[in-house]
Amino acid sequence: MPNPNLQISLLKPEEAEQYMRMRHEVFRPTVNNILYSRGEPSEKTLSRVTEEIRDGIVDKGILYIKCVDKATGEIIAGARWRHVKPGKEGAIERTWDEVEAGFDLPEPFDESHPEMLEGLHDLFNSNKREILGRRPYYCLDTLVTLPQHERRGAGSMLVRWGCERADEAGVEAYLEASLMGAPMYARHGFQAVKEVELDLRKWEGKEIMSFILMLRPAKGEQTP
Ligand SMILES: CC(C)(COP(=O)(O)OP(=O)(O)OC[C@H]1O[C@@H](n2cnc3c(N)ncnc32)[C@H](O)[C@@H]1OP(=O)(O)O)[C@@H](O)C(=O)NCCC(=O)NCCS
């Protein structure tokens, strides 16, 4: 059941910085070790991330969702969903050119190890190519809940939001789960397809990071 003290809605462009700071805090012990393996990101880097979030909302149709604690008005959790779909109206599948265009390598940050970032990119994208092919799907790119607000149902509300849209469109949903997130995703109908690892020690990192690639079957008819 959704938590009545929490409310989810679309993130507004002017809230991009709040979202960036929350994501940065939650990912500090894990994903930040890949994005910023050479050290704490500068304000210039953080501003670039904020700008990318704002641009994603305004110009790219990326679905950033926030979860607000009604009692305080604080944003306590957030998600980044994308509807990956064919460019041509009425098409059932994407073209391979469209698939490949979605895999462009982003410019590394000043604090990134560029090959490490490329390693993550290649790992995730080669698997997307193999598992999803040209099919349309909803992709959960990011899910973060502030540690002090864990286990209140925020993550589940944000996952359900995207799953409902995937069901309306009649398409699958996909994500690369952390080991922490996987059991919760399973409760929402995601099934583990494959476990993958990124050995950060290849690029002067300290650890091996594991992810579980998960797919949620489509329900109903695909609507173009
Ligand atoms: C995974 C995460 C998104 C869950 O968010 P949440 O708001 O706590 O989610 P919910 O309250 O809806 O669900 C709770 C479930 O999440 C998992 N979870 C939440 N906090 C956890 C913790 N501290 N340790 C282990 N599992 C945890 C558990 O499966 C939990 O279910 P349980 O209480 O029955 O064990 C959140 O803990 C988080 O941001 N973690 C760090 C970043 C991350 O791993 N994101 C997922 C990337 S794919």
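Note that the structure is a prediction, hence the values are computed from the model and not measured.

Undergrad: Is there a simple way to explain the nonpolar core in this structure?
TA: For soluble globular proteins, nonpolar side chains are generally found buried alongside one another. By size, the foremost hydrophobic cluster in this structure holds 40 residues, and its most contacted members are I65, L140, L158 and L175. Put simply, the parts of the chain that give this core at least two residues each are helix 1 (16-26), helix 3 (43-59), strand 2 (63-69), strand 3 (75-84), strand 4 (137-145), helix 6 (154-169), strand 5 (172-177) and strand 7 (208-216). The element that contributes the greatest number of residues to this core is helix 6, accounting for seven residues. Setting aside its immediate chain neighbours within four residues, I65 contacts I8, L10, L11, G78, A79, W81, L158 and W161.

Undergrad: I keep staring at the site of the ligand and nothing clicks. Help me out?
TA: Close to the ligand lie 18 residues; T145, G155, S156, S178 and G181 are nearest. Put simply, the parts of the chain that give the shell around the ligand at least two residues each are strand 4, helix 6 and helix 7 (182-187). Broken down by class, the residue content of the shell around the ligand amounts to nine nonpolar, six polar and three charged.

Undergrad: Is there a simple way to think about the UniProt feature "domain: N-acetyltransferase" (unreviewed entry) in the protein in this case?
TA: The positions that UniProt labels "domain: N-acetyltransferase" (unreviewed entry) are, in the present scheme, residues 82-219. Structurally, residues 82-219 is divided into 34% helix and 26% strand, and its ends, taken at the C-alpha atoms, are 18 Å apart.

Undergrad: Got a minute to help me understand the pairing of strand 2 in this structure?
TA: In regular strands, side chains alternate between the two faces of the sheet. When you tally the buried positions in strand 2, you get five out of seven residues, the bulk of the element. Strand direction decides the pairing type here: strand 1 (residues 6-10) and strand 2, joined by five bridges, are antiparallel. Residue pairing for strand 2: Q7 is matched across the bridge by V68. Direction of pairing for strand 2 relative to strand 3: antiparallel, over a ladder of six bridges. Within strand 3, the residue paired with L63 across the bridge is W81. The antiparallel pairing of strand 2 with strand 3 creates a hairpin that spans five residues between the two strands, and G73 there sits at a positive phi of about 80 degrees.

Undergrad: Any chance you could explain helix 6 here in plain terms?
TA: Since the α-helix packs 3.6 residues into each turn, any two residues three or four apart lie on the same face. End to end, helix 6 covers 23 Å across 16 residues, agreeing with the expected 22 Å (1.5 Å per residue, within 8%). Taken as a whole, helix 6 has its buried residues at A154, G155, S156, L158, V159, W161, G162, C163, A166 and A169. Phi turns positive, to about 70 degrees, at G170, one or two residues after helix 6.

Undergrad: How do you make sense of the sheet that holds strand 4 when you look at a structure like this?
TA: The strands that make up a sheet pair up through hydrogen bonds in the backbone, lying either parallel or antiparallel. Taken together, the seven strands give an open sheet; going across it, the order is 1-2-3-4-5-7-6, and neighbouring strands pair in mixed fashion. On the outer flanks of this sheet lie strand 1 and strand 6 (191-199), each paired with one strand and no other. Pairwise comparison of adjacent strand axes, ignoring direction, gives a mean angle of 20 degrees for this sheet. Where strand 4 meets strand 5, four bridges bridge the pair, whose relative direction is parallel. From the neighbouring strand, L140 faces strand 5, where its bridge partner is L175.

Reading the values: rules and limits
- Residues numbered from 1 in each chain as written.
- Predicted model: local features only at pLDDT ≥ 70, side-chain atom pairs only at ≥ 80, totals over all residues.
- Core = buried A, V, L, I, M, F, W, Y, C linked by C-beta atoms within 7 Å.
- Buried ≥ 20, exposed ≤ 12 C-beta atoms within 10 Å, placed from the backbone.
- Helix = DSSP H or I, 4+ residues; strand = E, 2+ residues; numbered from the N terminus.
- Contact = placed C-beta atoms within 7 Å.
- Near = placed C-beta within 6 Å.
- Nonpolar A, V, L, I, M, F, W, Y, C, P; charged D, E, K, R; others polar.
- UniProt positions renumbered as here; feature names shortened; annotations may be inferred.
- Pairing = 2+ DSSP bridges.
- Expected span 1.5 Å × (residues − 1).
- Axes fitted to C-alpha atoms, helices over the stretch in contact; angles between N-to-C directions.

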